[in-house]
Every structure is written in C-alpha cells, then in structure tokens.
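Report on the structure
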Amino acid sequence: MIAYLIGVDGGGTGTRVRIADRSGTLLAQGSAGPSALGQGVEAAWEHILSAIQAAFHSVGQSTPSWSECAMGAGLSGISNLPRRDRFLVMNPGFARIALESDAYTALLAAHGGRPGAMVASGTGSVGEVLYANGVRKQVGGWGFPVGDEGSGAWLGLRAMAHAQAAIDGRASPGPLAARIHDQCGCRREDLQQWCTRSAQFEYAQLAQLVFACADNDPFADALLARAAQAIEDMALALDPSASLPLAIFGSVGRVLLPRLTSATQSRCVESERDAAHGALTLIQHSLNPSP
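Calculation notes
- Residues numbered from 1 in each chain as written.
- Predicted model: local features only at pLDDT ≥ 70, side-chain atom pairs only at ≥ 80, totals over all residues.
- Heavy atoms only, no water.
- Helix = DSSP H or I, 4+ residues; strand = E, 2+ residues; numbered from the N terminus.
- Rg over C-alpha atoms; globule rule 2.2 N^0.38 Å.
- Buried < 20%, exposed > 50% of the residue type's maximum accessible area, 1.4 Å probe, protein only.
- Contact = heavy atoms within 4.5 Å.
- Areas by Shrake-Rupley, 256 points an atom, 1.4 Å probe, with all protein chains shown as cover.
- Lys, Arg positive; Asp, Glu negative; His and termini not counted.
- Charge placed at Lys NZ, Arg CZ, Asp CG, Glu CD.
- Phe/Tyr/Trp six-rings, centres within 6.5 Å; stacked < 30°, edge-to-face > 60°.
- Lys NZ or Arg CZ within 6 Å of the ring centre and 35° of its normal.
- Pairing = 2+ DSSP bridges.
- Axes fitted to C-alpha atoms, helices over the stretch in contact; angles between N-to-C directions.
- Polar contact = N/O pair within 3.5 Å; in protein donor to acceptor, adjacent residues only side chain to side chain.

All right, on to the overall build of the protein then. Of the regular secondary structure elements, the protein holds 12 helices and nine strands. A compact globule built from 291 residues would reach a C-alpha radius of gyration of about 19 Å, and the protein, at 20 Å, matches this within 12%. Here the C-alpha coordinates of the protein stretch approximately 65 × 45 × 35 Å along the principal axes. For the protein, the proportion of its 291 residues judged to be buried stands at 49%. Once local pairs closer than 6 in sequence are excluded, the contacts in the protein between residues at least 24 apart make up 63%. For the protein, the computed accessible surface area is about 13,200 Å², with 51% contributed by carbon and sulfur atoms. Taking the average place of the 21 positive charges on the side chains of the protein and the average place of its 25 negative ones, the gap between the two points comes to 3 Å.

This next bit is on the packing of aromatic side chains. In the structure shown here, the tally under the stated rule is six aromatic pairs. When the centroid spacing of 5.0 Å and the interplanar angle of 90° are considered together, the rings of Trp194 and Tyr203 count as edge-to-face. The structure contains a cluster of three or more aromatic residues connected by ring pairs, namely Trp45, Trp66, Phe87 and Phe94. The aromatic ring of Tyr104 is capped on one face by Arg136, whose charged end is 3.7 Å from the ring centroid.

On to the sheet that holds strand E8 (residues 136-140). Reading across the sheet, the four strands line up as E8-E7-E6-E9 and stay open at both edges, with mixed pairing between neighbours. Strand pairing shows two members of the sheet lacking a second neighbour, E8 and strand E9 (246-249), which therefore form its edges. Strand-to-strand twist in this sheet, taken as the mean axis angle between neighbours without regard to direction, amounts to 15°. Note: strand E6 (residues 116-121) against E9, four bridges, orientation parallel. Paired with Val119 across the strands is Ile248, a residue of E9. Along the sheet, helix H3 (residues 102-111) contacts E6, strand E7 (125-130), E8 and E9; its crossing angle with E6, the most-contacted strand, is approximately 125°.

Moving on to the side chain of His111. Structurally, the position occupied by His111 is in helix H3. What makes His111 buried here is its relative accessible area of 5%. At 2.8 Å, the side chain of His111 and the backbone oxygen of Ala117 are in polar contact. Leave out the neighbours within four places in its chain, and His111 touches Gly116, Ala117, Pro245, Leu246, Ala247 and Val269.

Here it is as structure tokens:
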C-alpha cells in the first residue's frame, strides 16, 4: 500500500523534505519551520507535515493519506529518548517511520552508506563516522549552550558576550560589537532583555554578523578561526588516522571550509545530496533491508 517515500531533514533552523515514489524517483520537495525535537515534539510534527504538504502542493498534487507514505527522518535531538518515544507515539498514521539523527542521514547522503566521516555545522554542530567494520561513532552534538562548538549558535553566543564586554569597557569596541548593538540594543538593559527572550535559533542568526565583520574586526576573525578549529577537532576525533573521506555539511561549515587546514581540505568530498536525500536512503533501506 506504500506509494510514497518521504525523506525529512529536521534541524533547529528549518525542515526540508524530499518525496519519491517506491522506485526512488524524486517527485517533489518542500520546507517549513524547525523540527529539532528540543524545540518541541508537537512543533516538530507540525512543521514536518507542513513541509510534506507544501511539497505535494508544489507539483499540483493533493496530499495523500499518510497510510500511503513511509517516512525516513533525520532529526536533531533524538538522543533524548523521552522526546524520541513521544515523537513516534504521535505518528499521525504513516505506514512506516525510520528515525535516526540528522547526523546519520547526512552521513548517508555524503557517502551513500559507505565508510566515511561527516561534520555538520549549522545552527548546531555534530560529527559522525561509519568505519569499514560497520561501527558508527558520533562526536559533538551535545547541544546549546554547552556544546555545539563551531556552530552558528556557538558563534552568536560568543559574539553577544563580546558586545556586552564592549559596553562595560572590558573589550575594545569594534565593527562586530557595533553591529550587535545596532541589531539587539546598545544599552545594558537592551542586551539583557534580548538574551532573556532568545534561544539557540536567535543566537545562530548573529553568526551572520560575525562573518560580515571578519575582514575588518580582529575579534570576529579570531572567532571564526576558533570555529574552524572546532571542526578540525571533530574530524580528528572521528578519524584519527585521517584515512576516510570527509564531508562538511551545514551553512556555517561550508563557509568555514576554506579556513580548514590544507590536509583536511584534501580529504573533503563534495556531496550532491543533502540530509533529506539521506533520509530517503534511510527509509529505502528500512523497507528493503540488505540480506
């Protein structure tokens, strides 16, 4: 009865879906708001279903019954087992759900299920590797604000701390602090209010200011160097021998790629597929497991 395969890439900034028929032919794609489980399981389902409906509507097709669909989903935050279980319990009727981390579906997209490593840096950051013996390992991805080094939210949090220090006179004011003051407020009370109402997504938006100021602000440039080093550290932890192909994913990771060492760049492979395609591979493997 399954007519459609749906691949979902759900992170802290947005949700992307790819829809294929049973043979794997891509039919449509769509997007919606964030579906990281840490931002709410109900909201995750709302945005996933909205993205799927948008995909079908984009090709002039009405949304089929969920019972005709099998979904592979790579979602940020599934390591939290209560949230993972609640997500599965809230299944609105999909015939099959294969659920993994967004890191693993990115790994599938990058290397097609073959051995390799992947580091993703967007709103958050995480790395994952598949070794030749079939063993998987994940590094990073501990979550904001303690972990997610080298990510957009990590950059934004440190940029905000710098802007606060500039108001105090503990740091030299510069272009980055000025841009943050323009956007978030130039008084102590303004920045305190902004921080009180802001979370991971809002901090990640400040990363754009760090990149914009890197050419003429030493603090912004040094912050990006630290972010690039965080990606290097994850890549090394995943593959100490540096023998596996490496893929860099995410809006921040792709921009930081030229800042990585030449040795790391030489291992990097381009992936024409994104994590939503990797999620399609996930559900295909679930429906047709290898013998």
